Amino acid sequence: MDNIFEKAKETAGFIKDRIKDIPQIAIILGSGLGPLADEIESKVEIDYKDIPNFPLTTVEGHAGKFVYGLLGNKKVLAMKGRFHHYEGYDVSQIVFPIRTFKVLGINNLIVTNASGGINKAFKPGDLMIIKDHISFFAPSPLRGRNINEFGLRFPDMSKAYSPDLVELCKKSAQKVGVDVKEGVYAFAQGPMYETPAEIRALGVLGADAVGMSTVPEVIAARHANINVLGISCVTNMAAGILDQPLCHEEVMRTAKEAENNFTRLVKQVISDWEV
Ligand code: HPA
């Protein structure tokens with residue numbers, strides 16, 4: 001993708017014409033967690049296929065549209081469906097929505113995903129606040145000429161997930177009575193699930209959960225100085241933790257079961273968030 005800043009301006013202009021406002025928070029909804037978008041009021045929906053410069057999603061369980069409107073008294077722009085590395089997109093395409101958010105004037109982002117639990121204290125259905133990530137095995141979305149309009153050549157990642165937002169999320173979770181875990185999310189390229197040896201290795205490295213998304217978006221968001229809160233739904237135990245094979249159906253089923261807690265938590269976070 002060339003001229004990313006110019007393209008993001010064109011795309012942001014298109015979205016702004018449709019929503020006629022500046023959203024306060026963007027939310028990326030992960031696997032099976034899309035129904036949160038149904039709770040948005042006074043909706044404006046924009047299909048990705050209608051948006052200039054936008055890629056299309058291909059994976060089952062991911063629609064491809066923006067839903068803009070009010071949620072928990074805030075103006076939110078939700079992404080129902082995101083772009084994954086395993087689908088064949090270039091990393092610059094995966095993070096293009098984040099760049100568009102920045103040009104739209106959005107400085108707050110909630111990222112959600114499904115993950116496999118590595119930490120043995122976790123169980124399927126748990127929600128984990130992401131405190132940090134490991135991204136050694138992925139090409140950086142910032143590779144190539146730095147786009148100075150977005151941020152620095154060598155951006156700091158030491159507080160990639162805002163500690164203030166981690167605290168806010170913990171308080172919001174208490175209010176709605178949802179038990180939340182905290183941990184480190186490791187990126188895996190997919191689409192195959194990991195091997196038990198890879199999971200043991202990731203555990204040694206300090207990962208609590210593993211998944212195939214989120215990290216590229218968070219890197220691009222932090223490059224552009226966007227505040228990030230990450231929440232992961234642990235949909236299964238990672239490979240080799242239990243003596244059973246992994247499958248996409250289990251991931252979708254658990255995400256569906258956790259949907260109610262997840263939705264209540266995110267709505268509470270949004271209404272508690274002082275933006
Ligand atoms: N591994 C990678 N990605 C995932 C998993 C997993 O076990 N579960 C959900 N997404």
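Coordinates for the structure precede this section.
Residues numbered from 1 in each chain as written. Predicted model: local features only at pLDDT ≥ 70, side-chain atom pairs only at ≥ 80, totals over all residues. Heavy atoms only, no water.

1. Quick look at the state of the cysteines
And then number 1: Counted by the stated rule, this structure contains zero disulfides.
And then number 2: The thiol sulfur of C169 is not disulfide-bonded, and the nearest other cysteine sulfur, from C233, lies at 13 Å.
And then number 3: Judged by its relative accessible area of 0%, C169 is buried. (Disulfide = S-S within 2.5 Å. Buried < 20%, exposed > 50% of the residue type's maximum accessible area, 1.4 Å probe, protein only.)

2. Description of the pattern of salt bridges
And then number 1: For the structure on display, the rule yields 16 salt bridges.
And then number 2: The salt bridge involving E45 is made with K65; its shortest N-O contact spans 2.7 Å. Here E45, found in strand β2 (residues 41–47), pairs with K65, found in strand β3 (residues 65–71); they are 20 residues apart in sequence, far enough to count as distant.
And then number 3: In this structure, the salt-bridge partner of D179 is K181, at a minimum N-O distance of 2.9 Å.
And then number 4: Overlapping salt bridges bring together K123, D126, D179 and K181 as one network. (Salt bridge = Lys/Arg side-chain N within 4 Å of Asp/Glu carboxyl O. Helix = DSSP H or I, 4+ residues; strand = E, 2+ residues; numbered from the N terminus.)

3. Some words on the site of the ligand
And then number 1: As a matter of local geometry, the ligand sits amid A114, S115, G116, Y193, E194, V210, G211, M212, T235, N236, L246 and V251.
And then number 2: Interatomic distance of 3.3 Å between a backbone N/O atom of G116 and a nitrogen atom of the ligand.
And then number 3: The separation between a nitrogen atom of the ligand and a polar side-chain atom of E194 is 2.8 Å.
And then number 4: At the level of elements, β5 (108–117), β8 (209–211) and β9 (227–237) are the ones that each hand at least two residues to the shell around the ligand.
And then number 5: For the shell around the ligand, the element with the highest residue contribution is β5, accounting for three residues.
And then number 6: Per-class residue counts for the shell around the ligand are six nonpolar, five polar and one charged. (Near = heavy atom within 4 Å. Polar contact = N/O pair within 3.5 Å; in protein donor to acceptor, adjacent residues only side chain to side chain. Nonpolar A, V, L, I, M, F, W, Y, C, P; charged D, E, K, R; others polar.)

4. Details of the packing of aromatic side chains
And then number 1: In this structure the tally under the stated criterion is 10 aromatic pairs.
And then number 2: With centroids separated by 5.4 Å and ring planes inclined at 75°, the aromatic side chains of F5 and F150 adopt a geometry described as edge-to-face. One end of the pair, F5, is in helix α1 (residues 4–19); the other, F150, is in the loop between β6 (127–134) and α4 (163–176), with 145 residues separating them in the sequence.
And then number 3: Plain terms: the ring middles of F54 and F96 are 6.0 Å apart, the flat faces sit at 70° to each other, and that makes the pair edge-to-face. Within this pair, whereas F54 is found in the loop between β2 and β3, its partner F96 is found in helix α3 (residues 96–104), the two being separated by 42 residues in sequence.
And then number 4: Given the relative accessible area of 0%, F96 is considered buried. (Phe/Tyr/Trp six-rings, centres within 6.5 Å; stacked < 30°, edge-to-face > 60°.)

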